[in-house]
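Report on the structure
Read off the chains here:
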Amino acid sequence: EQSRRMNTIIENVTQLARRDRVNPQRLQLLPWITEFIRQFTITGKHSPELFQTLGVTDIPICMDPDQLFQVVGNLCQNALRHSPEFSGEPLIAFKTGYDAEHRPYLDTIDWGSGVPKDIADSIFDPFFTTTAKGTGLGLYIARELCEGNGGRIECFPGEGGVGTRFRITFARAEDCREMAAGMG
């Protein structure tokens, strides 16, 4: 068990190097979410009914698609870990929109146990974990990958004090070509 855990830590740390190997691309968020749900449910042997979309529109974004999959996949795995058993009702929702600076965002919302206020400031710290089997690198890597793509990730309490909402704010799609040129 310790060997498996150490292997996971080593794999996670090597993924940090991927931040420097970003391949930002202009993506349409709606088809990306549809494909993410398909792949996540197949590889994780989950029901597609776990997910719902709330006002998801086809917003253009700029991000490395593989890194976006890793970030959202981590958020969904965490959500499922902290959610009640699946009983046919969705456990994870996606919502898209634009923030006050007109930057596109994707919210990943769950109705699980939520992030306690006393640890909310630490969840993106490296090696911070609340589980015995966790490495404490998942959300840290998610933050690093978002920042490496010119975006950010933030955590908010769920509506009515239930669950959690993670917001990924992306670089604007029109800035994608410039970002890719600056990284090449």
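First, a word on scope: everything that follows refers to the structure included in this document. (Residues numbered from 1 in each chain as written. Predicted model: local features only at pLDDT ≥ 70, side-chain atom pairs only at ≥ 80, totals over all residues. Heavy atoms only, no water.)

A few words now on the overall build of the protein. Looking only at helices and strands, the protein features five helices and eight strands. Starting at the N terminus and ending at the C terminus, the protein contains elements arranged as α-β-α-β-β-α-β-β-α-β-β-β-α. Residues classed as buried in the protein amount to 43% of the 184 residues present. Relative to all contacts within the protein whose residues are 6 or more apart in sequence, the contacts with residues 24 or more apart total 71%. By element, 51% of the accessible surface of the protein is carried by carbon and sulfur atoms, the whole surface being about 10,000 Å². (Helix = DSSP H or I, 4+ residues; strand = E, 2+ residues; numbered from the N terminus. Buried < 20%, exposed > 50% of the residue type's maximum accessible area, 1.4 Å probe, protein only. Contact = heavy atoms within 4.5 Å. Areas by Shrake-Rupley, 256 points an atom, 1.4 Å probe, with all protein chains shown as cover.)

Spatially, β1-β3-β8 is the arrangement adopted by the three strands of the open sheet, whose pairing is antiparallel. This sheet does not close on itself; its edge strands, each paired only once, are β1 (25-28) and β8 (171-172). Bridge analysis of β1 against strand β3 (residues 60-63) gives four bridges, and the strand direction is antiparallel. Looking across to β3, one finds that Leu 27 is bridged to Ile 61. Each of β1 and β3 touches helix α2 (residues 29-43); the most contacted strand, β1, lies at about 80° to it. (Pairing = 2+ DSSP bridges. Axes fitted to C-alpha atoms, helices over the stretch in contact; angles between N-to-C directions.)

A few words now on the packing of aromatic side chains. Within this structure, the stated rule accounts for eight aromatic pairs. Between Phe 36 and Phe 94, the ring centres sit 6.0 Å apart and the planes meet at 85°, which makes this aromatic pair edge-to-face. Taken together, the residues Phe 36 in helix α2 and Phe 94 in strand β4 (residues 92-98) connect sequence positions 58 residues apart. The exposure class assigned to Phe 36 is buried, which follows from its relative accessible area of 1%. With a relative accessible area of 1%, Phe 94 lands in the buried category. Seen in terms of ring centroids, Phe 40 and Phe 51 are 5.7 Å apart; in terms of plane orientation they differ by 85°. Their pairing is edge-to-face. Taken together, the residues span a long stretch of sequence, with Phe 40 in helix α2 and Phe 51 in strand β2 (residues 51-53) at a distance of eleven residues. By the burial criterion, Phe 40 is buried, and Phe 51 matches it. (Phe/Tyr/Trp six-rings, centres within 6.5 Å; stacked < 30°, edge-to-face > 60°.)

With that settled, the discussion passes to a nonpolar patch on the surface. Together, Leu 54, Trp 111 and Val 162 line one region of the surface with nonpolar side chains, adding up to about 230 Å² of accessible area. Mapped onto the elements, Leu 54 comes out in the loop between β2 and β3. Residue Leu 54 is classed as partly exposed on the basis of its relative accessible area, which comes to 31%. (Patch = residues over 30% accessible without salt bridge, like charges linked within 9 Å, V, L, I, M, F, W, Y side chains within 5 Å. Salt bridge = Lys/Arg side-chain N within 4 Å of Asp/Glu carboxyl O.)

This part is about the pairing of β3. Examined bridge by bridge, β3 and β8 share two bridges and lie antiparallel to one another. The partner of Ile 61 across the bridge, within β8, is Arg 172.

Take Asp 107: it is sitting in strand β5 (residues 104-110). A distance of 2.7 Å separates polar atoms of two side chains, one belonging to Asp 107 and the other to Arg 167. Setting aside residues no more than four positions away along its own chain, Asp 107 makes contact with Ala 93, Phe 94, Lys 95, Arg 165, Phe 166 and Arg 167. (Polar contact = N/O pair within 3.5 Å; in protein donor to acceptor, adjacent residues only side chain to side chain.)

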